[in-house]
Amino acid sequence: MTSIESLLMEHCRKHDDSNEEARETAAAQLGDCSEYLMIRQKAVEGTVFCAVVETMQKRAIVEQNVEIQVTILSAMVDAASLSPCRNIDWSSLAQSLPSLDQRLIEYALQILAFTHDLQYEAVLQHYRNSSDPLLRQIANDALVELHGIPLKSTQESLPNV
């Protein structure tokens, strides 16, 4: 295991800490590490990176502090959009959507869109009917991403809600 992989795994362990500040710091550092690895195309064993992302997903769902959840989910958006790991199971995130704070739903919809996995289409469609105009827009954008529809044809492909 490389030093970068060891660092990522250590940050995952810090999420078990009962100290809220330590969890916030670990979440932010995990996001920074993930972003650095993906942007810089550093060699990191794919299975380790995927394990880190899956751990982040589990932590985001059980975390009680919304600000920490936002930090984790923000990093997960980057991981989902840039990651070579297409075998991550995001179904627990999709299933937890009804219990999440609205700010978290916005991130979760983006993450599900970046999977390009049509099993999440029904979830995204559900939020197109939201009473909240921001969630409707995010769901519309997420459907565009999910299907890989070019932005210029979005209005033709997805009716206004």
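Just above sits the structure.
A quick note: this is a predicted structure, and the numbers were derived from the prediction, not measured.

S.K.: How should I be thinking about the environment of Leu104 in this particular structure?
M.R.: Its place among the elements puts Leu104 in helix 6 (residues 102-114). The buried category is assigned to Leu104, whose relative accessible area is 1%. Separated by 31 residues in sequence, Leu104 and Leu73 place their C-alpha atoms 7.2 Å apart.

S.K.: I keep staring at the environment of Trp90 and nothing clicks. Help me out?
M.R.: Turning to its location among the elements, Trp90 is positioned in the loop between helix 4 (66-82) and helix 5 (91-96). Considered as a pair, Trp90 and Thr115 are 25 residues apart in the sequence and their alpha carbons are 8.4 Å apart. Among residues more than four places away in sequence, those in contact with Trp90 are Val53, Gln57, Met76, Ala80, Ile111, Leu112, Thr115 and Tyr120.

S.K.: Would you explain the nonpolar core in this entry?
M.R.: As a rule of thumb, nonpolar side chains are buried together in soluble globular proteins. If you look at the biggest cluster of nonpolar residues, it comprises 38 residues, and the most contacted ones within it are Met76, Trp90, Leu93, Leu97, Leu109 and Ile111. Looking at this core, the elements that each hand over two or more residues are helix 3 (46-62), helix 4, helix 5, helix 6, helix 7 (121-128) and helix 8 (133-147). For this core, the element with the most residues is helix 4, which contributes nine residues. Not counting residues within four places of it along the chain, the set of residues in contact with Leu109 comprises Leu97, Leu124, Tyr127, Leu135, Ile138, Ala139 and Ala142.

S.K.: What is the right way to look at helix 7 in this model?
M.R.: The periodicity of an α-helix, 3.6 residues per turn, causes residues three or four places apart in sequence to face the same way. Among the residues of helix 7, those classed as buried are Leu124, Tyr127 and Arg128. Buried residues along helix 7 cover an arc of 115° about the axis, so they all sit on one side. Those residues of helix 7 that are exposed and aimed more than 90 degrees away from the buried face are Ala122 and His126. Looking at the buried side of helix 7, the elements it contacts are helix 6 and helix 8.

S.K.: What's the story with the side chain of Gln57 in this structure? I'm lost.
M.R.: For Gln57, the location among the structural elements is in helix 3. Residue classification places Gln57 among the buried residues on the basis of a relative accessible area of 3%. In this structure the side chain of Gln57 is engaged in a polar contact, spanning 3.1 Å, whose partner is the side chain of Ser92. Here Gln57 is in contact with Met76, Ile88, Asp89, Trp90, Ser91, Ser92 and Leu93, once residues within four sequence places are set aside.

S.K.: Help me understand the packing of helix 6 against helix 8 in this model?
M.R.: Packing of helix 6 against helix 8 leaves a shortest axis separation of 8 Å and a crossing angle of 15°. Here helix 6 lies roughly parallel to helix 8, going by the angle between them. With respect to the hand of their crossing, helix 6 and helix 8 are arranged in right-handed fashion. Across from Gln102, Ile105, Glu106, Leu109, Leu112, Ala113 and Phe114 in helix 6, the residues of helix 8 making contact are Leu134, Leu135, Ile138, Ala139, Ala142, Glu145 and Leu146. A class-by-class count of the residues in the contact of helix 6 with helix 8 yields eleven nonpolar, one polar and two charged.

S.K.: Explain helix 8 here, please?
M.R.: The terminal C-alpha atoms of helix 8, which comprises 15 residues, lie 21 Å apart, in line with the 21 Å expected from a rise of 1.5 Å per residue. If you check which residues of helix 8 are buried, you get Leu135, Arg136, Ile138, Ala139, Asn140, Ala142, Leu143, Val144 and Leu146. For helix 8, the N-terminal capping position is held by Asp132, with its side-chain oxygen 2.7 Å away from the main-chain nitrogen of Leu134. Gly148 sits one or two residues past helix 8 and shows a positive phi near 70°.

Reading the values: the criteria
- Residues numbered from 1 in each chain as written.
- Predicted model: local features only at pLDDT ≥ 70, side-chain atom pairs only at ≥ 80, totals over all residues.
- Heavy atoms only, no water.
- Helix = DSSP H or I, 4+ residues; strand = E, 2+ residues; numbered from the N terminus.
- Buried < 20%, exposed > 50% of the residue type's maximum accessible area, 1.4 Å probe, protein only.
- Contact = heavy atoms within 4.5 Å.
- Core = buried A, V, L, I, M, F, W, Y, C linked by side-chain atoms within 4.5 Å.
- Arc of directions from axis to C-beta.
- Polar contact = N/O pair within 3.5 Å; in protein donor to acceptor, adjacent residues only side chain to side chain.
- Axes fitted to C-alpha atoms, helices over the stretch in contact; angles between N-to-C directions.
- Parallel < 35°, antiparallel > 145°, perpendicular 65-115°, else oblique.
- Left-handed = near helix turned anticlockwise from the far one by under 90°.
- Nonpolar A, V, L, I, M, F, W, Y, C, P; charged D, E, K, R; others polar.
- Expected span 1.5 Å × (residues − 1).

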